[in-house]
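Residue-level listing of the chains:
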Number of protein chains: 2
Amino acid sequence: MTVTKNMKNLKKIFLITLLQAMVIPAFAQKASWIWYPGDFDIYMSNVMQNRRTERGSFFPVFWKMDSHYVLVDFHKEFTLSQPEEVKLFVEGTYNVKIDGQAITGFPKSIQIQAGKHKLSLKVYSQATVPAIFVQGKTVVSDESWLTTFEDKEWIDASGKTSDKSGTTFVSAGSWGLTDPYSLPSAFKLPVVKHTTVKTEKAGTGYVADFGKETFGFIKVHGLKGKGKLSLYYGESKEEALSTDKCETLDHLKIDLTKKTDSVMPLSKAFRYVNFQPENGVSADSISMLYEYAPVSERGSFKSSDAELNKIYDVAKYTFHLNTREFFIDGIKRDRWVWSGDAYQSYLMNYYSFFDAPTVKRTLLAQRGKDPVTAHINTIMDYSFYWFLGIYDYYKFTGDKKFVQDIYPRMQSLMTYIDGRKNKNGLLEWMPGDWIFIDWADKLSKDGEVSFEQLLYARSLETMALCAKLTNDSENAAKYEEQAKTLKAKIFDIYWNQSKHALVHSRVAGQPTQNVTRYANMFGIFFDYFTPEQKLAVKEHVLLNDSINKITTPYMRFYELEALCAMGEQSYVLKEMKNYWGGMLKLGATSFWEEYNPDKKGTEHLAMYGRPFGKSLCHAWGASPIYLLGKYYLGVSPDSPGYETYTIEPNLGGLAWMEGKVPTANGDISVYMNKKEIKITSAVGTGKLRIKSKSKPVAKAAEIKSIGKGFYEITVEKGKDYTVSYN
Amino acid sequence: MTVTKNMKNLKKIFLITLLQAMVIPAFAQKASWIWYPGDFDIYMSNVMQNRRTERGSFFPVFWKMDSHYVLVDFHKEFTLSQPEEVKLFVEGTYNVKIDGQAITGFPKSIQIQAGKHKLSLKVYSQATVPAIFVQGKTVVSDESWLTTFEDKEWIDASGKTSDKSGTTFVSAGSWGLTDPYSLPSAFKLPVVKHTTVKTEKAGTGYVADFGKETFGFIKVHGLKGKGKLSLYYGESKEEALSTDKCETLDHLKIDLTKKTDSVMPLSKAFRYVNFQPENGVSADSISMLYEYAPVSERGSFKSSDAELNKIYDVAKYTFHLNTREFFIDGIKRDRWVWSGDAYQSYLMNYYSFFDAPTVKRTLLAQRGKDPVTAHINTIMDYSFYWFLGIYDYYKFTGDKKFVQDIYPRMQSLMTYIDGRKNKNGLLEWMPGDWIFIDWADKLSKDGEVSFEQLLYARSLETMALCAKLTNDSENAAKYEEQAKTLKAKIFDIYWNQSKHALVHSRVAGQPTQNVTRYANMFGIFFDYFTPEQKLAVKEHVLLNDSINKITTPYMRFYELEALCAMGEQSYVLKEMKNYWGGMLKLGATSFWEEYNPDKKGTEHLAMYGRPFGKSLCHAWGASPIYLLGKYYLGVSPDSPGYETYTIEPNLGGLAWMEGKVPTANGDISVYMNKKEIKITSAVGTGKLRIKSKSKPVAKAAEIKSIGKGFYEITVEKGKDYTVSYN
């Protein structure tokens, strides 16, 4: 029952703030490679997604891949108090102008006189993204530079430049790449050497076990001889041994007279590698270069339940493996940026790495360029998750600039979607649409599916919010009205009072009698239901075994979220232990694309009609990270960027738990046992909400009863709080 | 008075037709490199337009450059009576599927069994255009293959491919490149060696004269030593000698211990090259690799007037120099694809090379990809010329397929334009627009300029025509109505009865009193005027010296065309001799961007405020090709592809003339002196129209009087006609 006000900490924070304020000019002078915003994201996602192979065949995506702008103009206006030498690094063919005057050739360094100037570079590059790196003492390339793909700078017959240009300049994009000697196109994730845990003879070679699911490049040491060498990769030992059915492999022709170390050209996902040299080919050993995203593991969770802790750790490892240049679905396949999958990754990320750049990249890569010719990934639901991803990004980071930057691309996608409404103002299948929802048997996609309309409504609300942030009040009002109308329509059409649920669809003008979990669980955490409807849905849908079960971690994510949002943490804890614990019991070292406890043995490996088709390391398998952070530690933002937030910890039956939730400006730490809660926060103003039989006790903190046995304490940043409750 | 019916010729033609029919399968089995239609055109136009430099600085365009689709799917369905080996050549990373089944790796040759099959290749390439070359005995890549940039081939959880795809397939694009070992991206125009005509000492080196305006790569023979070498290019000797003001140059650092032949990296336009080695650098000699488009010089013109013949020859040479991968504006600068310039090139082309592929490429390159973010080349008038270019292309070639292929891109450009109408339904300047019209002093671009509305109306008529060709009758009716309304509005607003002309513009709701030639001359050959208006415009505008004169060959093209269309061939002949003859008298070896007879000496070389800014070899300078073919030889199509056509020869004061006008299916030859006309045609059905005091005489041909002293003879293909008249 003490709240410790740590003045030392507070001073430290003030000091840091002061130092940061002082070093801002120094920061601003840190140069980065810059480009037209979104272009490198599109380029690099093409590179990454085109690394997929299936049994040695190149396996690209089936949707439109966009391209960067091949000709881009960059400029910056500034005033120098002293002359300055400025070094120029460029990827592409370029010219340089100072105050509109071109400099001959391809200068690598220029001298700029004191005074007011405009420095412009124009870069052409088809193969890679036009990019510049400008390094002077004060003049440096960063996101404050302006850029355009059409500068519209025509001249008249006298040589005078047009004074009536309609050029739109936008601020440059950057990934914060600060090495001028490493071109953006050479961007690669870091690697580190890992060795095999054990090997076992097989055929003319052996199967190497790396101990757990992993990702990277196999390195063959001391390779020699002439002939064929084959590597068969397996997420399971069975897969690696199945030379004719494993999903990924390398066939190599070797002709080496002396021992050479050789690294495979493409990174792969595996735990096991079946190494099969032909007669005449030999090698000393194999190892791997583990390739990883250098993110910080900021979020944490530990509890009195060892199995739950293991689930958390494996989930985090699963998620880290799938966090690459972008958030991908699975490391074996598809290795693509799927919007529905990424949307969950964003949420997991906010409770683990809090890596905002990877969220932004992934959103930009998914959206690509105009014109919109299909839904994102061709999937109707996936277009909507994209909007929702922006909504959440803003909520968690408070980064208004990104919303403003991406708003025009939000508008054109929404215009595409609005253009596909049927005569009832609802969405149903049209040629080119994939209505996915979930991998589930006999899931009807016919007619007007309630789930899609629900996502549509939420996306319109997101548009309204982002329109406001962009000062587009006219469209904000339009989107708001549209969302309101659609929400009313959803309840009119789909709410079935006798079933206490939204029905699945309306076909040929008739609402079906079919109740599925999808729209109902989203309705809960979208807060679209009345409190009574929520309770009814919980009972009649979520906790009703006669409603078709969900078998993918993908939709379990939302199902368990909905239950947590209804305060069912104890139930969900058991479910987590059953479901994710079930995979662990089967030897999983990462979480799967799909898990059906009813299956047996190698049945768990099969999917899509292929014996090893299933991905055993799928981002959407990692949702415990999110659930434990948001609904057990109980931390979530109430206003953008955690300016205000709620901490409503819930042990869900655990004896104790502790952990950290990261934010853009520091962590929020929570410890809870059955008697005590300890909080430290580096950010904003929180509301700690506790259920207690009697009024909790805390030193130097006001405790407010808010009814129904709940109490609230205001949490200020930089202070430590210890609260006793019962 | 004889018409010779040459039965031998006729038989020959029948025989050729028969042979062609027999060899069609052989033709169909000729493989070409194929790609997504329009993509290579965009890619190569980027390559070409980015070769421009100005005094050693890279000088790219200021409008948006588009990119090819980076991921493209190609497929073809066929039935084999026998098994067949098929060789595969691909530019890009690819996979191959037979009947939907992927083949491992990157096969270079596959065996296909007898029976019905589908062969698919999917290619990813960022740097170059995804392209394939498939060569079997019967299975070959050609424009009959189907292609898409989004195949939307998703699968369900069982691995079954979606049966409800919304994929749009379009037939492949090709440039007829038939060498599988030469990748499309390596495409280059051919070169041939040319030598200097004379050299003259200058500075530490010399000025080499190649005898006339030319284009290509300078080759330095026996280059040796260490130090700097500079080459200054000049279309005039003055320019080559002006090392600080010449427009193009090469600065090279040489470090060669033995004599080496060295070719400059970029092709240049020049007649003179000022070769300036530093101390320590020497060379034996220079020559050039003349780079040219391998088109056939099919059209011809010769007459009793030697100066006119010279004008025709220099015009044709000028035009050939500017006919490159695409029709460009000028070979020194801009070396870009400008729509207004290209539009004239198309017309010249129909009377010289009749090279349809270069027209198609140029139209595709100009238009680029959606979304439309600006007018073509940012110029309002240039968007309209693009539509007119398609209209003419169809008229001259009858190639309906191309119109159908490009129609969607026509629609999106027209939608962009329609979206920029003001409240009066007219176009006026908006941010981002360049209203060009012509290089002319004090030409007002304010308010609603009549010239732009006239082009807009004609473009809408083109849309209506093309909509019909694409069986889009709904939009055809819409565009027709829109054109009709706009035309009526134009005459309501701009026709000034007391000035007998369309006025230049309406500003702030008030038609101005300003009469310029532009709208008035277009109104004539667009046939928008009544016969009375035409005569009035001829007298009060075209032949009225108080109306501002035109000084660019660009607009002289239309001015003289309008006069020819009014039967003023004699006047125009004198104008041609004055204007183009004037350039020849000043020593021109190609025709210029602008010519003002009032200027003196080196004033002729200056433009845009730069002493050598003017292009001395500009495509729009070559219009006599067009005028002489269309209005003197008098040949023009009446229905698409010369199925029917008119020959209305007009000596315009010449004693005699003869020449050929090419068509897609052979030439039309015309000879005329003051007494006799001889015609041979390989195509369609023509109407020979002759003015004669008494009824002309011709053997075996019916002569019909059509009034006002005119007579008409039907010309059938394959026959020779000789007509006497007086």
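Thresholds, definitions, all that
Residues numbered from 1 in each chain as written. Chains lettered and ligands numbered in written order. Predicted model: local features only at pLDDT ≥ 70, side-chain atom pairs only at ≥ 80, totals over all residues. Heavy atoms only, no water. Helix = DSSP H or I, 4+ residues; strand = E, 2+ residues; numbered from the N terminus. Rg over C-alpha atoms; globule rule 2.2 N^0.38 Å. Contact = heavy atoms within 4.5 Å. Areas by Shrake-Rupley, 256 points an atom, 1.4 Å probe, with all protein chains shown as cover. Buried < 20%, exposed > 50% of the residue type's maximum accessible area, 1.4 Å probe, protein only. Least-squares fit on C-alpha atoms with pLDDT ≥ 70 in both. Salt bridge = Lys/Arg side-chain N within 4 Å of Asp/Glu carboxyl O. Buried area = accessible area lost by both parts, 1.4 Å probe. Polar contact = N/O pair within 3.5 Å; in protein donor to acceptor, adjacent residues only side chain to side chain. Nonpolar A, V, L, I, M, F, W, Y, C, P; charged D, E, K, R; others polar. Axes fitted to C-alpha atoms, helices over the stretch in contact; angles between N-to-C directions. Parallel < 35°, antiparallel > 145°, perpendicular 65-115°, else oblique. Left-handed = near helix turned anticlockwise from the far one by under 90°. Domains from an automatic or database assignment. Disulfide = S-S within 2.5 Å. Pairing = 2+ DSSP bridges. Phe/Tyr/Trp six-rings, centres within 6.5 Å; stacked < 30°, edge-to-face > 60°. Lys NZ or Arg CZ within 6 Å of the ring centre and 35° of its normal.

Caption draft 1: Main features of the overall build of chain A. Within chain A, the regular secondary structure consists of 15 helices and 36 strands. Against the 2.2 N^0.38 benchmark of 27 Å for 726 residues, chain A shows a C-alpha radius of gyration of 28 Å, consistent with a compact globule. Look at the contacts in chain A between residues 6 or more apart in sequence, and 73% of them connect residues 24 or more apart. Counting every atom, chain A has about 28300 Å² of accessible surface; 52% of that belongs to carbon and sulfur.

Caption draft 2: The arrangement of unusual backbone geometry in detail. Of the consecutive residues Arg333 of chain A and Asp334 of chain A, the connecting peptide bond is found in the cis state with omega at 5 degrees. Looking at where Asp334 of chain A falls in the secondary structure, it is placed in the loop between helix H4 (306-322) and helix H5 (339-350). Residue Asp370 of chain A is joined to Pro371 of chain A through a cis peptide bond whose omega torsion reads 0 degrees. Within the secondary structure layout, Pro371 of chain A lies in the loop between helix H6 (356-367) and helix H7 (380-397). Phi angles above zero are rare outside glycine, and Asp99 of chain A is one such case at about 50 degrees. Following the sequence through the fold, Asp99 of chain A ends up in the loop between strand S6 (93-98) and strand S7 (101-103). Backbone geometry places Arg55 of chain B, a non-glycine residue, at a positive phi of 50 degrees. Counting through the fold element by element, Arg55 of chain B comes out in the loop between strand S3 (53-54) and strand S4 (57-58). Looking at Arg55 of chain B, the relative accessible area reads 25%, which means it is partly exposed.

Caption draft 3: The arrangement of the relation of the copies chain A and chain B in detail. Placing chain A over chain B gives an RMSD of 0.0 Å and needs a rotation angle of 180 degrees, together with 0.0 Å of translation along the axis. A rotation of that kind, with that shift, is consistent with a two-fold axis. Judged by C-alpha distance, Ala127 of chain A is the residue of chain A that lies nearest the rotation axis, at 1.8 Å. Take the interface residues of chain A: 100% of them recur as interface residues in chain B, which is what a same-surface contact looks like.

Caption draft 4: Looking closely at helix H2 (residues 39-49) of chain B. By the criterion of burial, H2 of chain B is predominantly enclosed, with 10 of the 11 residues buried. Of the surrounding elements, those touching the buried residues of H2 of chain B are strand S9 (115-124) of chain A together with strand S2 (34-35), helix H6 (356-367) and helix H8 (400-418) of chain B.

Caption draft 5: Just the pattern of salt bridges, in detail. Evaluated as defined, the whole model comprises 86 salt bridges over all chains. In this structure, Lys401 of chain A and Asp405 of chain A form a salt bridge, with 2.6 Å as the shortest nitrogen-oxygen distance. Residue Lys401 of chain A and its partner Asp405 of chain A are located together in helix H8 (residues 400-418), separated by four residues, close to a single helical turn. A relative accessible area of 35% means that Lys401 of chain A is categorised as partly exposed. Given the relative accessible area of 39%, Asp405 of chain A is considered partly exposed. When the shortest N-O distance is used, the salt bridge between Lys538 of chain B and Glu568 of chain B registers 2.5 Å. Of this pair, Lys538 of chain B sits in helix H12 (residues 531-542) while Glu568 of chain B sits in the loop between helix H13 (553-565) and helix H14 (569-585), and the two are 30 residues apart along the sequence. A single burial state applies to Lys538 of chain B and to Glu568 of chain B, both of which are buried. Among the charged side chains, a salt-bridge network with shared partners connects Arg52, Glu54, Glu247, Arg333, Asp334, Glu593 and Arg610 of chain A.

Caption draft 6: Spatial organisation of the environment of Asp156 of chain B. In this structure, Asp156 of chain B sits in the loop between strand S12 (146-148) and strand S13 (170-171). Owing to a relative accessible area of 30%, Asp156 of chain B belongs among the partly exposed residues under this scheme. Sequence separation between Asp156 of chain B and Leu321 of chain B is 165 residues; the distance between their C-alpha atoms is 57 Å. Residues within four places of Asp156 of chain B in sequence aside, it is in contact with Trp439 and Tyr608 of chain A.

Caption draft 7: Fine view of the interface of chain A and chain B. Listed per partner, the contact involves 61 residues of chain A and 62 residues of chain B. Together, the buried faces of chain A and chain B total about 4800 Å²; carbon and sulfur atoms form 63% of this surface. In this structure, the connection of chain A to chain B is made through zero salt bridges. If you look at where chain A meets chain B, you find 18 residue pairs in polar contact (both at pLDDT 80 or more). Elements represented by at least two residues in the side of chain A that touches chain B include exactly helix H2 (39-49), strand S3 (57-58), S6, S7 and S9 of chain A. Grouping the amino acids of the side of chain A that touches chain B by side-chain chemistry returns 30 nonpolar, 19 polar and 12 charged.

Caption draft 8: Here's a closer look at the packing of H14 of chain B against helix H15 (residues 624-632) of chain B. Residue and element names in this part refer to chain B. Direction vectors running N to C along H14 and H15 enclose 165 degrees, while the axes themselves pass 12 Å from each other. Considering their axes alone, H14 and H15 lie roughly antiparallel with respect to each other. Read as a crossing pair, H14 and H15 show a hand that is left-handed. Within the contact between the two elements, H14 uses Gln569, Val572, Leu573, Met576 and Trp580 and H15 uses Pro624, Leu627, Leu628, Tyr631 and Tyr632. Across the contact of H14 with H15, the residue classes break down as nine nonpolar, one polar and no charged.

Caption draft 9: Structural context of the side chain of Arg271 of chain B. Residues and elements named next belong to chain B. By secondary structure assignment, the location of Arg271 is in strand S19 (residues 268-277). At 3.5 Å, the side chain of Arg271 and the backbone oxygen of Gly211 are in polar contact. Looking at Arg271, its side chain comes within polar contact range of the side chain of Tyr272, at 3.4 Å. Look past the residues within four positions of Arg271 in its chain and what remains in contact with it is Ala208, Asp209, Phe210, Gly211, Lys212, Glu213, Gly234, Glu235, Gly587 and Thr589.

Caption draft 10: A look at the domain arrangement of chain A. Residue and element names in this part refer to chain A. The domain architecture assigned to chain A consists of domain 1 (31-186), domain 2 (191-291), domain 3 (300-632) and domain 4 (643-724). Its C-alpha centre places domain 3 at a distance of 29 Å from the equivalent point of domain 4. Counting from both sides, the interface comprises 17 residues of domain 3 and, opposite them, 17 residues of domain 4. Interface area for domain 3 against domain 4, summed over the two sides, is near 1300 Å², with a carbon-plus-sulfur share of 59%. Here domain 3 is connected to domain 4 by zero salt bridges. Inspection of the region where domain 3 meets domain 4 yields six residue pairs in polar contact (both at pLDDT 80 or more). Of all elements in the fold, only strand S21 (300-303), helix H14 (569-585) and helix H15 (624-632) reach the threshold of two or more residues within the side of domain 3 that touches domain 4. With four residues, S21 is the single largest residue contributor to the side of domain 3 that touches domain 4. When the residues that make up the side of domain 3 that touches domain 4 are grouped by side-chain class, the tally is eight nonpolar, seven polar and two charged.

Caption draft 11: Main features of the state of the cysteines. Residue and element names in this part refer to chain A. Under the criterion given, the structure shown has zero disulfides over all chains. In this structure Cys617 is a free cysteine whose sulfur lies 18 Å from that of Cys246, the closest cysteine sulfur available. Judged by its relative accessible area of 0%, Cys617 is buried.

Caption draft 12: Local environment of the sheet that holds strand S10 (residues 115-124) of chain B. Strand order across the open sheet formed by six strands is S8-S7-S10-S5-S12-S13 (chain B), with antiparallel pairing between neighbours. Looking at which strands have only one partner, the edges of the open sheet turn out to be strand S8 (101-103) and S13 of chain B.

Caption draft 13: Examining the environment of Tyr233 of chain A more closely. Residues and elements named next belong to chain A. When you line up the elements, Tyr233 lands in strand S16 (residues 205-234). With 362 residues separating them in the primary sequence, Tyr233 and Tyr595 have C-alpha atoms 21 Å apart. Side-chain polar atoms of Tyr233 contact the side chain of Asp250, separated by 2.7 Å.

Caption draft 14: Structural context of the packing of helix H7 (residues 380-397) of chain B against H8 of chain B. Residues and elements named next belong to chain B. Running from amino to carboxyl end, H7 crosses H8 at an angle of 160 degrees, the nearest separation of the two axes being 11 Å. Judged on the interaxial angle alone, H8 and H7 are roughly antiparallel. In the crossing of H7 with H8, the sense of the turn from one axis to the other is left-handed. Contacts from Ser383, Phe384, Trp386, Phe387, Ile390, Tyr393 and Tyr394 of H7 reach H8 at Lys400, Phe402, Val403, Ile406, Arg409, Met410, Leu413, Met414 and Ile417. Across the contact of H7 with H8, the residue classes break down as 13 nonpolar, one polar and two charged.

Caption draft 15: Up close: the pairing of strand S30 (residues 656-663) of chain B. Residue and element names in this part refer to chain B. Relative to S30, strand S22 (residues 300-303) is paired through four bridges, and the arrangement is antiparallel. Bridging from a neighbouring strand, Ser300 pairs with Lys660 of S30. Of the pairings in the sheet, the one linking S30 to strand S31 (residues 666-673) comprises eight bridges and is antiparallel in character. Among the inter-strand pairings, Trp656 is bridged to a residue of S31, identified as Asn673.

Caption draft 16: Representation of the packing of aromatic side chains. Applying the stated criterion across every chain yields a total of 140 aromatic pairs over all chains. Between Tyr579 of chain B and Tyr595 of chain B, the aromatic rings sit 5.2 Å apart at their centres with planes inclined by 65 degrees, giving edge-to-face as the arrangement. In this pair, Tyr579 of chain B sits in helix H14 while Tyr595 of chain B sits in the loop between H14 and H15, placing the two residues 16 residues apart along the sequence. Note that Arg361 of chain A overlies the ring of Trp175 of chain A, its terminal NZ or CZ placed 3.6 Å from the centroid.

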